[in-house]
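# Chain and residue survey
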Amino acid sequence: MADDAMPVLRPDRTTVLDARGITVRYPGSPPVVAVRDVSLSIAAGETVALVGESGSGKSSVARAVVGIERIAEGDVAFDGAPVSHLGVRRRPRRLTGIQMVFQDPSTSLNPRRRIGDQIEDGIRAARARGAEGSRPEEWLERVGLSPDMVRRMPHSFSGGQKQRIAIARALAARPHLLVADEPISALDASTQTAVAELMRELVQDLGAGMLFISHDLAVVRRIADRTLVMYGGRVVEEGPTEQLWAAPRQPYTKALLAAIPEPDGEGRVPHGPTPEERAMWTEVTPVGA
Ligand code: ADP
Ligand code: MG
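## Some points on the confidence of the model for the protein chain
- In the predicted model, the protein chain carries a mean pLDDT of 85, and the fraction of residues at 70 or more is 83%.
- Contacts from residues 1-12, a stretch scored under 50 in pLDDT, to residues over four places away or in other chains number 28 contacts.
- Here residues 261-273 is a poorly scored stretch, pLDDT under 50, and it has 17 contacts once near neighbours within four places are set aside; other chains count.

Structure (structure tokens):
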């Protein structure tokens, strides 16, 4: 993807996201502590994966980081500036340098607006920050769609194509950080890997960082520089992806990696832990404890 109009914003490995000791609680009786003392940093150009079973707190971390969930404890800095003091209402507007891609692309796209106009929203956000904007047609090409589709409405696209459009809209804002929460889970198995690899490539072209949440460990292994494993709201293990796969230290990580289906499967972890695995995991020592 050689394109002179797409300069690498940050050739050095500046930290774009630095979250320290964040805790997320949901009210109720009893209250749910969804995230406990999680720290996480992402450098420009780096893809960091967050994996773990359903309910382990991955989405809560993502929501806290982008500012749509209140942080009970801890601090988040974005591009070196603290942001956790900004209220949840103000943060998404203030932090257009962070963009998000969700599991269901239909929720990211307005069904009643032409896709070109929606990508234009992203371009405007980039320009408002003084970043260079490009044209919706260019973004459609970058995500593997035809530039003459700009005038079409979202309903005329497949799920995989809609997700490509949502990715185009998010990246057109030239974020320094893309947070993607299960962006490929709702897609056809045949397109999941291609979409994930496309995200990785485009994010790298921008020189941005990416937080990639997925339970597709085969895909994580292909695209993530580092992987964090969550269990029960904590990060129980983290490291360079290859190192983690080669020598997982925690029983939980071993069980998680062992659950990767063979290549003829769907490429997903189909089920939660067995009771035996669960018993082992109670021995897991959180990182930094
Ligand atoms: P994951 O994305 O790994 O599946 P979540 O962050 O969605 O995990 O959820 C972590 C925990 O917080 C779960 O126990 C979940 O039931 C709970 N939870 C998530 N969102 C809410 C909410 N809005 N209110 C109450 N509990 C929630
Ligand atoms: Mg989730």
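Alright, that's what it looks like, and here's the rest.
## What about helix α4 (residues 115-128)?
- In this model, α4 (14 residues) spans 20 Å end to end at C-alpha, consistent with the 20 Å of a helix rising 1.5 Å per residue.
- Residues of α4 that are buried include every one of I115, G116, Q118, I119, G122, I123, A125 and A126, and no others.
- Of the surrounding secondary structure, the elements contacted by the buried residues of α4 are α3 (105-108), α5 (136-142) and α6 (159-172).
- Following α4 by one or two positions, G130 has its phi on the positive side, about 85 degrees.

## Remarks on the packing of aromatic side chains
- Taken as a whole and judged by the stated rule, the model has one aromatic pair.
- Its guanidinium or amino end placed over the ring of W139, R142 lies 4.7 Å from that ring's centre, counting from NZ or CZ.
- Over the aromatic face of F157 sits the side chain of R152, whose NZ or CZ is 4.6 Å from the ring centroid.

## Comments concerning the packing of α4 against α6
- Viewed as axis vectors pointing N to C, α4 and α6 meet at an angle of 25 degrees, and their least axial separation amounts to 6 Å. One way to sum up the angle between α4 and α6 is to call them roughly parallel. Between α4 and α6, the residues in contact are I115, Q118, I119, G122, I123 and A126 and I165, A168, R169 and A172, respectively.
- Split by residue class, the contact of α4 with α6 holds seven nonpolar, two polar and one charged.

## Re the pattern of salt bridges
- The final tally for this structure, using the stated rule, is 14 salt bridges.
- The closest approach of N and O atoms between R142 and E138, which form a salt bridge, is 3.3 Å. Remark: E138 and R142 occur in helix α5; sequence separation between them is four residues, near one turn of the helix.
- Using a relative accessible area of 24% as the deciding quantity, one classes E138 as partly exposed.
- For R249, the salt bridge identified is with E237, shortest N-O distance 3.5 Å. Residue R249 is found in the loop between α9 (241-246) and α10 (251-258), and its partner E237 is found in strand β10 (residues 234-240); the two are separated by 12 residues along the sequence.

Cut-offs and rules
- Residues numbered from 1 in each chain as written.
- Chains lettered and ligands numbered in written order.
- Predicted model: local features only at pLDDT ≥ 70, side-chain atom pairs only at ≥ 80, totals over all residues.
- Heavy atoms only, no water.
- pLDDT = per-residue confidence, 0-100.
- Contact = heavy atoms within 4.5 Å.
- Helix = DSSP H or I, 4+ residues; strand = E, 2+ residues; numbered from the N terminus.
- Expected span 1.5 Å × (residues − 1).
- Buried < 20%, exposed > 50% of the residue type's maximum accessible area, 1.4 Å probe, protein only.
- Phe/Tyr/Trp six-rings, centres within 6.5 Å; stacked < 30°, edge-to-face > 60°.
- Lys NZ or Arg CZ within 6 Å of the ring centre and 35° of its normal.
- Axes fitted to C-alpha atoms, helices over the stretch in contact; angles between N-to-C directions.
- Parallel < 35°, antiparallel > 145°, perpendicular 65-115°, else oblique.
- Nonpolar A, V, L, I, M, F, W, Y, C, P; charged D, E, K, R; others polar.
- Salt bridge = Lys/Arg side-chain N within 4 Å of Asp/Glu carboxyl O.

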